[in-house]
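Chain by chain, the residues:
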Amino acid sequence: MGFDDLLAANTTYAASFTDTGIAGAAAKELAVLTCIDSRIDPLKVLGLAPGDAKIVRNAGARVTDDALRSLTLAHNLLGAKRICVIAHTECAMVGTSEHDLQARVAKAANVAHCDVDLLPVDNQLATLATDLERIRNSPLLQNVTDLGGFIFNVRTGELTQVL
Ligand SMILES: [Zn+2]
């Protein structure tokens, strides 16, 4: 399949690209952690433009060690004072067990075992609350001014703050 289609699209993009001179810091003082789900366009969901926010993504929008690493940098060095964690409806990470998910991955990869912790979610709201606590308890994120947990509805486009 290659990448020709993507590079061709980029040629078009670059042809009309103008350097706005925006800085690397988050203009809206915002960092967003959300899922890798391809139905979510974080900038559009929140009415943002490039330059406005630091976007961190992983499967399930989980506050993993690496998500914390990025949020720590976004907050302390890149101007993000507010943090939104955005889970979503119909997330493939919800309602499956670690064992089952690892078995599916191992089968797809045609290997005996998947030894990666895939971090599926049992109770989405409870997990979101636990994940927000990880941010709240981080000694390097004590100056975050606003921390919220949200659910994005992939069918309606609506974003609801739940925590
Ligand atoms: Zn998801």
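The rules we used
- Residues numbered from 1 in each chain as written.
- Predicted model: local features only at pLDDT ≥ 70, side-chain atom pairs only at ≥ 80, totals over all residues.
- Heavy atoms only, no water.
- Buried < 20%, exposed > 50% of the residue type's maximum accessible area, 1.4 Å probe, protein only.
- Helix = DSSP H or I, 4+ residues; strand = E, 2+ residues; numbered from the N terminus.
- Donors = N, O, S within 2.8 Å, 3.2 Å for Na, K, Ca; no water.
- Contact = heavy atoms within 4.5 Å.
- Salt bridge = Lys/Arg side-chain N within 4 Å of Asp/Glu carboxyl O.

1. A word on the pairing of strand β1 (residues 30–34)
- The buried count for β1 comes to five of five residues, which makes it a mostly enclosed element.
- Neither face of β1 is exposed, since Leu30, Val32 and Thr34 on one face and Ala31 and Leu33 on the opposite face are all buried.

2. A word on the coordination of the zinc ion
- Those protein atoms acting as donors to the zinc ion are Cys35 (SG), His88 (NE2) and Cys91 (SG), and they sit at 2.0 to 2.3 Å.
- Look at where the donors of the zinc ion fall in the sequence and you get C-x52-H-x2-C. Comparing histidine 88 with cysteine 91 shows no difference in burial state: the two are buried.

3. A short note on the side chain of aspartate 131
- By the secondary structure assignment, aspartate 131 is in helix α5 (residues 124–137).
- Not counting the four nearest positions on each side in its chain, aspartate 131 is found in contact with Ala61, Arg62 and Val63.

4. Let's talk about the pattern of salt bridges
- Throughout the structure, instances matching the rule amount to nine salt bridges.
- Here lysine 81 makes a salt bridge to glutamate 29, at a shortest N to O gap of 3.5 Å. Here the residue lysine 81 occupies a position in the loop between α3 (65–77) and β3 (82–88), and glutamate 29 occupies one in the loop between α1 (4–15) and β1, the gap between them amounting to 52 residues.
- What makes lysine 81 partly exposed here is its relative accessible area of 38%.
- Between arginine 155 and glutamate 90 there is a salt bridge, with its nearest N and O atoms 2.8 Å apart. A residue pair is termed long-range when its members are at least 10 positions apart, and arginine 155 in the loop between β4 (146–152) and β5 (159–161) and glutamate 90 in the loop between β3 and α4 (98–109) qualify at 65 residues.
- Judged by relative accessible area, arginine 155 falls into the exposed class, the value being 61%.
- The exposure class assigned to glutamate 90 is partly exposed, which follows from its relative accessible area of 46%.
- A network of salt bridges, in which partner residues are shared, links Asp37, Arg39, Glu90 and Arg155.

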